[in-house]
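Take a look at the letters that make up each chain.
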Amino acid sequence: MELVVLVASLKFFFVEGGEQFIVGIQTAKKIGLKETIRITIAGISFATILFFLLFYSHALISTRWLELALVITLYFFAASMFKEVLEKEHEEKEFD
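What you see is a predicted model; the values in this text were computed from it and never measured.

Cut-offs applied
Residues numbered from 1 in each chain as written. Predicted model: local features only at pLDDT ≥ 70, side-chain atom pairs only at ≥ 80, totals over all residues. Heavy atoms only, no water. Helix = DSSP H or I, 4+ residues; strand = E, 2+ residues; numbered from the N terminus. Rg over C-alpha atoms; globule rule 2.2 N^0.38 Å. Buried < 20%, exposed > 50% of the residue type's maximum accessible area, 1.4 Å probe, protein only. Areas by Shrake-Rupley, 256 points an atom, 1.4 Å probe, with all protein chains shown as cover. Lys, Arg positive; Asp, Glu negative; His and termini not counted. Charge placed at Lys NZ, Arg CZ, Asp CG, Glu CD. Expected span 1.5 Å × (residues − 1). Axes fitted to C-alpha atoms, helices over the stretch in contact; angles between N-to-C directions. Parallel < 35°, antiparallel > 145°, perpendicular 65-115°, else oblique. Contact = heavy atoms within 4.5 Å. Nonpolar A, V, L, I, M, F, W, Y, C, P; charged D, E, K, R; others polar. Polar contact = N/O pair within 3.5 Å; in protein donor to acceptor, adjacent residues only side chain to side chain. Salt bridge = Lys/Arg side-chain N within 4 Å of Asp/Glu carboxyl O.

Draft legend 1. Spatial organisation of the overall build of the chain. Within the chain one finds three helices and zero strands. Secondary structure elements in the chain, listed N-terminal to C-terminal, are α-α-α. For the chain, the C-alpha radius of gyration of 18 Å lies well beyond 12 Å, the compact-globule estimate for 96 residues. With the C-alpha coordinates aligned to their principal axes, the bounding extent of the chain is approximately 55 × 30 × 30 Å. Scored against the burial criterion, the 96 residues of the chain give a buried share of 3%. Total accessible area on the chain is roughly 9,100 Å²; 73% of this is exposed by carbon and sulfur atoms. Each charge class in the chain was averaged separately, 9 positive and 12 negative side chains, and the resulting centres sit 7 Å apart.

Structure representation (structure tokens):
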């Protein structure tokens with residue numbers, strides 16, 4: 001079991017972390033390093049607050065409700081990104 005956890009954690013560290021690193025570099029090139037650092041600090045602060053809020057609120061709110069809220073949020077954002085990709089493809093076909 002520990003081997004599975006190790007492999008999964010390495011996958012998330014290198015694949016997801018690498019992807020975010022590349023996005024961060026591209027963002028810094030587009031909007032500037034100073035603005036990117038501000039956004040990063042705000043994101044880390046928000047994630048830390050959210051972590052502790054959710055970690056210690058499981059006594060107040062059922063874990064199942066938190067999981068349901070997370071799933072709904074993730075599906076909403078995935079659907080909105082999917083819709084955006086389809087709209088871009090449709091616009092590109094119109095121009096061809």
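Draft legend 2. Representation of helix α1 (residues 2-31). Here α1 spans 42 Å end to end across 30 residues, near enough to the 44 Å set by a 1.5 Å rise per residue. Phi turns positive one or two residues past the end of α1, at G32, with a value near 105°.

Draft legend 3. Representation of the packing of α1 against helix α2 (residues 33-56) within the structure. Where α1 contacts α2, the axes come no closer than 7 Å and their chain directions differ by 130°. By the criterion of interaxial angle, the relationship of α1 to α2 is oblique. Here G24, T27, A28 and I31 of α1 come into contact with α2, specifically with L33, E35, T36 and I39. Looking at the contact of α1 with α2, its residues break down into four nonpolar, three polar and one charged.

Draft legend 4. Expanded view of the side chain of T36. Note on placement: T36 falls in helix α2. A polar side-chain atom of T36 sits 3.5 Å from the main-chain amide nitrogen of A28. Dropping the residues within four chain positions of it, T36 is found in contact with G24, T27, A28 and I31.

Draft legend 5. Just the environment of Y56, in detail. Considering the arrangement of structural elements, one finds Y56 in helix α2. Residue classification places Y56 among the exposed positions, given a relative accessible area of 56%. In the structure, Y56 is positioned 31 residues away from E87 in sequence and 41 Å away in space, judged by C-alpha atoms.

Draft legend 6. Spatial organisation of the pattern of salt bridges. A complete count under the given rule lists one salt bridge for this structure. The partner of R38 in a salt bridge is E35, with the nearest N and O atoms 3.5 Å apart. Of this pair, R38 and E35 both sit in helix α2, three residues apart, which is roughly one turn of the helix. Given the relative accessible area of 35%, E35 is considered partly exposed.

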